[in-house]
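Summary of structural features
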Amino acid sequence: MARLKKRLTPRLLAVYAAALAAIWFSEPTPGSLALGLLPILAGESLRLWATGHLHKNDNLTVTGPFAYVRHPLYLGTFLIAVGFLIMAGNSWAYLMFTVLLLVFFVYYMPYKDRIESARLESLYGDAYRRFAIAVPRLLPRLHPYEPLEADRGSETAWRMTRFADNNETGTALAVTVGMVAMALRWGLG
């Protein structure tokens, strides 16, 4: 029940309503579907990779995609949104893309980064500060971050149990349903 409540907050209901409107008003073509599929698959792959490494509140996660970018889940979500907007294939979608960019980079990302950075710094202190200085927020570094031995968590491998514990199944399902809806919209359009 708690997971359902988390997915039905007013803010998320607004996101779901916007997604449904975007699908309803979309005009996908075979080309826009194929082109949009690339960032969607890249974004969801990044999210899957990240959630299999993420140790929420147990250890500072510095492995997998976190060794390259501090916020791989946000980057993955952004890529997924870009893919759906490309799939939509009309000027309304491009206007939405512009609004998405503004909201994401001007409001959402700085807000979430401030909150998460403060929480992680309070939990992990110097280890987090070193990580935050070395690893960019959204533009991946070329080489993986190598933490000090004392900053390494005990578990570094991707685990399916962490993927499930981090509730990524719902996101993967929503992305799949969205892709099917876009394909159906093209077929019915």
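Values in this document were obtained by computation on a predicted structure and should not be read as measured data. (Residues numbered from 1 in each chain as written. Predicted model: local features only at pLDDT ≥ 70, side-chain atom pairs only at ≥ 80, totals over all residues. Heavy atoms only, no water.)

Notes on the overall build of the protein
Test applied: Only DSSP runs of H or I covering at least 4 residues are called helices, and only runs of E covering at least 2 are called strands; the numbering of each starts at the N terminus. The size measure is the radius of gyration over C-alpha atoms, and the globule rule it meets is 2.2 Å times the number of residues to the 0.38 power. Partly exposed describes any residue whose relative accessible area lies between the buried limit of under 20% and the exposed limit of over 50%, with all areas from a 1.4 Å probe on protein chains only and scaled to the type maximum.
Across its full length, the protein holds eight helices and zero strands. When the helices and strands of the protein are listed from N to C terminus, the series reads α-α-α-α-α-α-α-α. Radius of gyration (C-alpha) of the protein: 18 Å, near the 16 Å computed for a compact globule of 189 residues. Taking the principal axes of its C-alpha atoms as reference, the protein extends roughly 55 × 35 × 30 Å. A burial count over the protein gives 38% of its 189 residues as buried.

Quick notes on the confidence of the model for the protein
Test applied: Per-residue confidence from the predictor is reported as pLDDT, a score between 0 and 100.
Of the residues in the protein, 91% reach a pLDDT of 70 or more, and the chain-wide mean stands at 86. When mean pLDDT is compared element by element in the protein, helix H3 (residues 30-51) scores highest at 96, while helix H1 (residues 2-7) scores lowest at 51.

A look at helix H5 (residues 91-124)
Quick note on the threshold: One axis is fitted to the seven residues ending at the residue and one to the seven starting there. The bend at that residue is the angle between these axes.
Along H5, the sharpest change in direction is near 45 degrees and occurs at Phe 104. Taken residue by residue, H5 has Ala 93, Phe 104, Met 109, Lys 112, Asp 113, Glu 116, Ser 117, Leu 120 and Tyr 124 as its buried positions. In the stretch just after H5, Gly 125 is the one whose phi turns positive, near 55 degrees.

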